[in-house]
Amino acid sequence: MNRKTADGPLINPSRRDFFLKMAGLGGIALLGTPRLAAAGSNSVLLPFAHGERPLVAYPQKRPLMLMTARPVQLETPFPIFNESLFTPNDAFFVRWHLADFPTRIDSGRFTVNVHGRIKKPLRIRLQDLRTNYDTVEVAAVCQCAGNSRGFFQPRVAGGQWGHGAMGNALWQGVRLRDLLNQAGLKGDAIQVRFNGADKPVLAGTPDFLKSLDIDTALRENVILAYRMNNEPLPLLNGFPLRLIVPGWYATYWVKAVNDIEVLNQEDTQFWMQSAYRIPADPCACVEPGTHPARTVPISRMNVRSFITSVAEGGLVKSGRVHTISGIAFDGGSGIRKVLFSTDGGRHWMDAKLHPEHGKYSFRQWEARFTPKPGHDYRLACLAINHTGESQSSTPRWNPAGYMRNVVETVNVKGV
Ligand SMILES: Nc1nc2c(c(=O)[nH]1)N[C@H]1C(S)=C(S)[C@@H](COP(=O)(O)O)O[C@H]1N2
Ligand SMILES: [Mo]
C-alpha cells in the first residue's frame with residue numbers, strides 16, 4: 001500500500017480528482033492518478049494480434065498491463081504467478097464494466113442494505129459487520145470468465161486478456177448467510193441480487209447487478225469480504241466490501257457491494273439475462289463461428305493449469321535436472337493430479353503436487369526434466385480434478401470467449 005508508483009508521464013492528467021492515498025479501514029480510500037511504468041520495461045507483448053499492453057501503475061498497484069482506462073482494466077503480468085501462492089494485492093488484476101467506478105469511498109460511512117423478500121430489512125455499517133458477526137476466511141481463485149480470451153480462434157469480441165485475468169487470495173469477512181438468516185428469508189425467496197457502488201455513465205447502460213440462486217447464496221463459504229490477504233481490499237478490487245463466491249467465475253464477485261436484494265423471481269436484468277451466458281452444453285462450447293441455440297448463466301469454473309517458471313521461447317540450462325513449476329485450480333472439487341509433458345502432450349509424467357490450501361486455491365506443482373543442448377521442448381501440463389474433469393486437448397469455442405481450458409504449452413530450448 002505504501003509502494004511508490006514508478007516515475008513517468010501521467011496517463012490521465014485531466015482527472016485530478018482521481019488520486020490520493022489509502023487511509024485503511026475506517027478511513028477514506030481515494031484513487032489517484034495512474035502513471036506509466038519507468039522506461040525500459042514499459043510494455044508487455046501478448047502473443048496475439050494487438051497484444052501490446054503498456055505497464056501502468058495505478059494507485060495501490062505496481063505496474064500492471066493496461067487493457068482499457070475507462071473503465072480501468074489491468075492484467076497481472078504472468079511471471080508474478082511464479083512468485084507466490086497468493087497473488088499480492090498490488091499485483092491483482094482489475095476489471096470494471098462501468099466507467100463510473102468508485103474512486104473515493106469513506107468506509108466509516110459505508111453501509112450495506114439487505115431488503116426485498118425478507119422479514120426484517122437491514123442496513124449494516126461496515127464497522128458492525130466487522131465486530132458483530134463471525135469472521136471467516138477462505139483461500140480462493142478469482143478468475144474472470146474471459147481470462148485468456150485473446151487466444152480464441154476465431155477471435156471474439158470483448159476484453160483481449162492474456163492469462164493474467166485471475167488471482168488467488170485469502171479472503172476474510174462474514175458469511176452472507178448470517179446476514180440473510182438475520183433478515184429472515186420469506187418462503188418465496190428464490191434469488192439474491194447484488195449491487196455495488198459503481199454506476200453507468202450513460203442513461204441507457206444497465207447498472208452492474210448479479211444474482212445467485214438462494215442455495216448458492218446460503219453456501220457456508222460465500223462471504224462478504226472486507227479483507228484480502230490480511231489487508232483492506234484495494235479500492236480497485238472492491239474496497240471496502242466484496243462478494244466472494246469460491247469456485248465460481250469472478251463476474252459474481254460483486255465489488256464495493258452496498259445493496260443486497262432478495263428476489264421472488266428469476267433476475268431478468270441485462271447482466272443475468274443477456275451477458276455472461278454460455279452455451280447450454282456440458283462443454284460450454286459450439287462449433288467455432290456459430291451461435292448456441294440455448295444458453296445458461298455461467299457459474300462454476302472448469303479446471304486449468306499453467307506453467308509459471310518459464311515463458312514462451314525461454315532458454316533452459318542443459319545437462320542437469322531442471323525444475324519446472326506451475327499452478328492448477330478448478331471450481332472447487334480440488335486438484336487430484338497434474339501431468340507434465342516435454343513433447344507437447346505425446347508422453348506424460350506425474351508432476352509433484354504441493355500442499356493443498358483448500359479446494360478453491362491455486363495448487364502449486366513441480367516437475368523435473370533434464371534438457372539436452374540445442375533441443376527444442378514443447379512443455380505442457382494437464383490437470384485432473386477430483387470429479388475426473390480435465391483440460392481439453394483442442395480449444396473449446398464459444399462466441400463470448402469464456403471458460404478457456406485447453407492444455408497450454410510453452411516452447412523452450414536447451415542451451
Ligand atoms: N461492482 C462490480 N463488481 C464486479 C464487476 C463490476 O464491473 N462491478 N466486475 C466483475 C468481473 S466480470 C470481474 S472479472 C471481477 C474482477 O475483479 P477484480 O477487479 O478484483 O480483479 O469483478 C467482478 N465484480
Ligand atoms: Mo469478468
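Counting restarts for each chain, with residues numbered from 1 along the sequence as it is written. Chain A is the first chain written and ligand 1 is the first ligand written, with later ones labelled in order. Per-residue local features of the predicted model are confined to residues with pLDDT of at least 70, and side-chain atom pairs are confined, for both listing and counting, to 80 or more; whole-chain, interface and lining totals are unaffected and use all residues. Calculation of side-chain values draws on the structure's entire complement of heavy atoms; hydrogens and water are dropped beforehand.

### Some points on the sheet that holds strand β18 (residues 257–263)
Next, step 1: Pairing is mixed in the open sheet, where five strands are placed in the order β10-β9-β18-β13-β14. Of all the strands in the sheet, just β10 (122–125) and β14 (209–213) have a single pairing partner and so form its edges. Pairs of neighbouring strands in the sheet enclose a mean axial angle of 20 degrees, with direction left out of account.
Next, step 2: Note on pairing: DSSP must find at least two bridges between two strands before they are called paired. Helix and strand labels come from DSSP, where a helix needs a run of H or I of at least four residues and a strand needs a run of E of at least two; each type is numbered from the N terminus. Across five bridges, strand β13 (residues 191–196) lies against β14 in antiparallel orientation. In the sheet register, V192 faces β14, and the bridge partner there is L212. Each axis is a line fitted through C-alpha atoms, taken for helices only over the stretch in contact, and angles between the N-to-C directions span 0 to 180 degrees.

### Digging into the domain arrangement of the protein chain
By a widespread convention, an interface's size corresponds to the accessible area lost as its parts come together.
Next, step 1: Boundary definitions for the domains trace back to an automatic or database domain assignment. The domain boundaries assigned to the protein chain delineate domain 1 (3–95), domain 2 (111–297) and domain 3 (304–414).
Next, step 2: Tallying the contact residues gives 33 residues for domain 1 and 34 residues for domain 2.
Next, step 3: Taken over both partners, the interface formed by domain 1 and domain 2 buries close to 2800 Å², and the fraction arising from carbon and sulfur atoms is 68%.
Next, step 4: Among the elements that line the side of domain 1 that touches domain 2, the one with the most residues is strand β6 (residues 73–75), at three residues. We call two residues contacting when some pair of their heavy atoms lies within 4.5 Å. A 1.4 Å probe defines the accessible area here, and the buried area is the portion of it lost by two parts on being joined, summed over both.

### Overview of the site of ligand 1
Next, step 1: When at least one non-hydrogen atom of a residue lies within 4 Å of a molecule or strand, that residue is treated as near it. F93, H97, D198, R242 and K255 are the nearest of the 18 residues found near ligand 1.
Next, step 2: Between N or O atoms, a polar contact is any pair within 3.5 Å; within protein, one atom must be a potential hydrogen donor and the other a potential acceptor, and residues adjacent in sequence are included only when both atoms are from side chains. R242 has a polar side-chain atom sitting 2.6 Å from an oxygen atom of ligand 1.
Next, step 3: In short, Shrake-Rupley with a 1.4 Å probe defines the accessible areas, and a residue's cover is counted only from the protein chains shown. Compared with its free state, where it exposes 530 Å², ligand 1 has 100% of that area covered by protein.
Next, step 4: Here the residues of the shell around ligand 1 sort into eleven nonpolar, three polar and four charged.
Next, step 5: Mapping the shell around ligand 1 onto the domain boundaries places at least three of its residues in each of domain 1 (3–95) and domain 2 (111–297). Each residue is assigned to one of three groups, with Ala, Val, Leu, Ile, Met, Phe, Trp, Tyr, Cys and Pro labelled nonpolar, Asp, Glu, Lys and Arg labelled charged, and all others, Gly among them, labelled polar.

### Description of the state of the cysteines
Next, step 1: The definition used for a disulfide is geometric: two cysteine sulfur atoms within 2.5 Å. Tallied over the entire structure, the rule returns one disulfide.
Next, step 2: Note on cysteine connectivity: C283 is disulfide-linked to C285, with sulfurs 1.9 Å apart. Around the S-S axis, the bridge from C283 to C285 shows a dihedral of about -95 degrees and counts as left-handed.
Next, step 3: Under the scheme applied here, a residue whose accessible area is under 20% of the maximum for its type counts as buried, over 50% as exposed, and between as partly exposed, the area being computed with a 1.4 Å probe on protein chains only. Judged by relative accessible area, C283 falls into the partly exposed class, the value being 23%.

### A short note on the sheet that holds strand β25 (residues 349–350)
Next, step 1: In space, the five strands of this open sheet follow the order β22-β29-β28-β24-β25, with mixed pairing throughout. In the strand order of this sheet, the two ends are held by β22 (314–316) and β25, each with one partner.
Next, step 2: In this sheet, β25 lies alongside strand β24 (residues 335–341) in antiparallel orientation, the contact comprising two bridges. Its bridge partner lying in β25, F340 is registered against M349.

### Regarding the environment of H97
Next, step 1: Following the sequence through the fold, H97 ends up in the loop between β7 (94–95) and β8 (104–106).
Next, step 2: When the C-alpha positions of H97 and D207 are compared, they lie 9.2 Å apart, and in sequence the two are 110 residues distant.
Next, step 3: Residues in contact with H97, not counting those within four places in the same chain, are P71, F208, W271 and Y276.
Next, step 4: There is a polar contact of 3.4 Å between the side chain of H97 and the side chain of R95.

### Considering the side chain of K210
Next, step 1: With respect to the helices and strands, K210 occurs in strand β14.
Next, step 2: In this tally, Lys and Arg are treated as positive and Asp and Glu as negative; His is ignored, and so are the chain termini. Definition used for salt bridges: Asp or Glu carboxyl oxygen within 4 Å of a side-chain nitrogen of Lys or Arg. Despite its burial, K210 pairs with no opposite charge; the closest candidate is D267, at 7.8 Å N-O.
Next, step 3: Looking at K210, its side chain comes within polar contact range of the side chain of T251, at 3.4 Å.

### Observations regarding the packing of aromatic side chains
Next, step 1: Pairing of aromatic rings covers Phe, Tyr and Trp, the last through its six-membered ring, and needs centres within 6.5 Å; plane angles under 30 degrees mean stacked, over 60 mean edge-to-face, and all others mean tilted. Per the stated rule, a full pass over the model turns up 17 aromatic pairs.
Next, step 2: Each member of the aromatic cluster is reached from another via a ring pair, and the members are F78, F81, F306, F329 and F362.
Next, step 3: Its end group placed over the ring of Y252, K210 keeps NZ or CZ at 4.7 Å from the ring centre.
Next, step 4: Any Lys NZ or Arg CZ that is within 6 Å of a ring centre and within 35 degrees of that ring's normal is treated as a charge sitting over the ring. A cation sits over an aromatic face here: K255 above W96, 3.9 Å from the ring centre.

### A closer look at unusual backbone geometry
Next, step 1: A cis geometry characterises the amide bond from R70 onward to P71, with omega recorded as -5 degrees.
Next, step 2: Relative to the elements of secondary structure, P71 occurs in the loop between β5 (64–68) and β6.
Next, step 3: At the junction of Q153 and P154, the peptide bond is cis and its omega measures out at -5 degrees in the coordinates.
Next, step 4: Locating P154 in the fold gives a position in the loop between β11 (136–143) and β12 (166–175).
Next, step 5: For M403, which is not a glycine, the phi torsion comes out positive at approximately 60 degrees.
Next, step 6: You can see M403 is positioned in the loop between β28 (376–385) and β29 (409–414).
Next, step 7: The exposure class assigned to M403 is buried, which follows from its relative accessible area of 14%.

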